[in-house]
Structures are given as C-alpha cells and as structure tokens.
Amino acid sequence: MDNKKWWMITLLAAMLLVVTACGADKPPLAPSGQQGSGAGDSDVPADDLQPAEDPVDTEEPNDDVINGDTEGTPVTGGSAEGQANGGAIAPSEETKQETITLFYTDPEQLELKETKGEITFKTDWSKYESAFKALQKSDREEFIPLWSEEITINKLEVDGGKITLDLKIPATANLGSGGEQFALDALKQTFFQFEEVTSLELLVDGEQKESLMGHVELEHPMTRE
C-alpha cells in the first residue's frame, strides 16, 4: 500500500509539472485596444481576410492640361484651312464682269477701230490686267490686235489712279511707225475709259524707254488729254 501511494503522489507531481510548463509557454494577453492588430492574432480565418482597397482619387483633373499639354496652354481645334489663316477662313472674292470698249486696227493697219468686249476680274488690279489681255485677242477678222500675245506683263502696279505697266516685248512683236502709234493710242484709250485712272506709266523690262518700238516718242507717264 505504501508503494502504491508513492506512485500516485509521483504521478500527480509529474502531471502538475506538465501543466505548469504548458502555462509558461502560453503568450500573455495583449492589452485592450491592441487585440486583433495582426493577422496572426485574429480569430478570423485567413481565407476570409480581404485586401484593403486603394484609396479613390477624387481630385478633378486640371482642365488646362489637354492632350498631353503639360504647359497649361489650352489646345484649340479647327480645320486645317482655318488654322492656316489664323483660325479664320477668308471669304472668297466675287468674280465681276464688265463690258468695255476695246481698240484694234484693220487688216491693212490703216485706222484704229473700236468694238465692245467683256472682261472678268475680281480686283481693280486684275481689271486692268484683263483689259490689257483683251487687247491681245480678237475673234473677228476685221479687228486685228495691235498688241501681240508674245508681249507679257512683268508687273502691274496700281497706286490710286496711277498705273504702272511693265512689259516684256520681244523683237518679233515690234510694229512699224504707224502700227506703233496705233498701239499706243489703243492702250491709252482703253485704260483712260476707266474714270479712276489718271496716269499710265509704261515701262519695258523695268526701264523707261524713249520709244516703245523705236519709232514713236513715249511719254512718262501718259496722262489724259
């Protein structure tokens, strides 16, 4: 019996030691307010934990930054045509028509003959150019142009009522003395029928010449008679 009691006492003592050891290994309780701060201390299963969502940026975008323009300059649109004109499209000019008196000669170059003709233009500058070119053409056999189509305009300047007409005249377009006088008369009467024209300066290759074709003295400038 005594041995049995000692064995019982020894067994109880061993069990007490085991219980004491287990209690020493248990981590202390966290203070109030700090419990559940880590995933290892939470009683919620790991599968039920959801990652925190990224904060939503509620700041409105800067309206001055458009199409990648980080300088803050607003980008303006418009058609290519409008941009080429500073954003504004210039209105097209209206084509005008006018019936004027044109002067030619007869097939024998015996006299100056007149007839009516129509010219088209958009500006005053082009009106005088069209008038000169009309003198170079005729669709009637009895009206012979005194100004050959070989003659070209180098420059035509309009300053109020003063016109400067710079021509290029090849040798093949020259006329005799009678034809040269008719040509000058035809030019003057054609241009001076426009009331606004007060003078006509005629140049050849940019220079004032004593004579247009070598026969008749040329005035600088020619004025209304």
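What comes next is a walk through the structure. (Residues numbered from 1 in each chain as written. Predicted model: local features only at pLDDT ≥ 70, side-chain atom pairs only at ≥ 80, totals over all residues. Heavy atoms only, no water.)

1. Topic: the overall build of the chain
Alright, step 1. When its secondary structure is counted, the chain shows four helices and six strands.
Alright, step 2. For the chain, the succession of helices and strands along the chain, N to C, is α-α-β-β-α-β-β-α-β-β.
Alright, step 3. Per-residue burial over the chain gives 27% buried out of 225 residues.
Alright, step 4. In the structure as shown, the chain presents an accessible area of about 16,400 Å², 51% of it carried by carbon and sulfur atoms. (Helix = DSSP H or I, 4+ residues; strand = E, 2+ residues; numbered from the N terminus. Buried < 20%, exposed > 50% of the residue type's maximum accessible area, 1.4 Å probe, protein only. Areas by Shrake-Rupley, 256 points an atom, 1.4 Å probe, with all protein chains shown as cover.)

2. Focus on unusual backbone geometry
Alright, step 1. A cis amide bond links His-220 with the next residue in sequence, Pro-221, at an omega value of -10°.
Alright, step 2. Considering the arrangement of structural elements, one finds Pro-221 in the loop between β5 (199-204) and β6 (222-223).
Alright, step 3. One non-glycine residue with positive phi stands out, namely Gln-109, at about 55°.
Alright, step 4. Within the fold, Gln-109 resides in the loop between β1 (96-105) and β2 (112-121).
Alright, step 5. Look at Gln-109 and you get partly exposed, because its relative accessible area is 35%.
Alright, step 6. The phi torsion at Asp-205 lies on the positive side, around 55°, for a residue other than glycine.
Alright, step 7. Turning to its location among the elements, Asp-205 is positioned in the loop between β5 and β6.
Alright, step 8. You can call Asp-205 partly exposed: its relative accessible area is 44%.

3. Details of the nonpolar core
Across soluble globular proteins, nonpolar side chains show a tendency to be buried alongside one another.
Alright, step 1. In terms of nonpolar packing, the biggest core is built from 39 residues, with Trp-147, Leu-165, Leu-187 and Leu-202 touching the most fellow members.
Alright, step 2. Only β1, β2, α3 (124-134), β4 (162-168), α4 (177-191) and β5 provide two or more residues apiece to this core.
Alright, step 3. With six residues, α4 is the largest single contributor of residues to this core.
Alright, step 4. Each residue touching Leu-187, except ones within four places of it in the same chain, is listed here: Phe-132, Leu-135, Trp-147, Leu-165, Leu-200, Leu-202 and Met-222. (Core = buried A, V, L, I, M, F, W, Y, C linked by side-chain atoms within 4.5 Å. Contact = heavy atoms within 4.5 Å.)

4. Quick notes on the pattern of salt bridges
Alright, step 1. A complete count under the given rule lists seven salt bridges for this structure.
Alright, step 2. The residue Glu-129 makes a salt bridge to Lys-133 at a minimum N-O spacing of 3.4 Å. Separated by four residues within a single helix, Glu-129 and Lys-133 lie in helix α3, roughly one turn from each other.
Alright, step 3. When the shortest N-O distance is used, the salt bridge between Lys-155 and Glu-157 registers 3.3 Å.
Alright, step 4. A relative accessible area of 45% means that Lys-155 is categorised as partly exposed. (Salt bridge = Lys/Arg side-chain N within 4 Å of Asp/Glu carboxyl O.)

5. Section: α3
Given 3.6 residues per turn, any residue in an α-helix points the same way as the ones three and four places further on.
Alright, step 1. Of all eleven residues that make up α3, eight are buried, and the element is covered over most of its length.
Alright, step 2. Looking only at α3, the buried set comprises Ser-126, Lys-127, Tyr-128, Glu-129, Ser-130, Ala-131, Phe-132 and Ala-134.
Alright, step 3. On its buried face, α3 sits against β1, β2, β3 (152-159), β4 and α4.

6. Quick look at α4
Alright, step 1. Across its 15 residues, α4 extends 22 Å between first and last C-alpha, which sits within 8% of the 21 Å expected from 1.5 Å per residue.
Alright, step 2. Burial in α4 covers these residues: Gly-179, Glu-180, Phe-182, Ala-183, Leu-184, Ala-186, Leu-187, Lys-188, Thr-190 and Phe-191.
Alright, step 3. Of the surrounding secondary structure, the elements contacted by the buried residues of α4 are β1, β2, α3, β4, β5 and β6. (Expected span 1.5 Å × (residues − 1).)

7. Points about a nonpolar patch on the surface
Alright, step 1. Together, Leu-11, Leu-12 and Met-15 make up a nonpolar patch on the protein surface, roughly 320 Å² of accessible area in all.
Alright, step 2. Structurally, Leu-11 can be placed in helix α1 (residues 2-25).
Alright, step 3. Of the residues examined, Leu-11 reaches a relative accessible area of 49% and is grouped as partly exposed. (Patch = residues over 30% accessible without salt bridge, like charges linked within 9 Å, V, L, I, M, F, W, Y side chains within 5 Å.)

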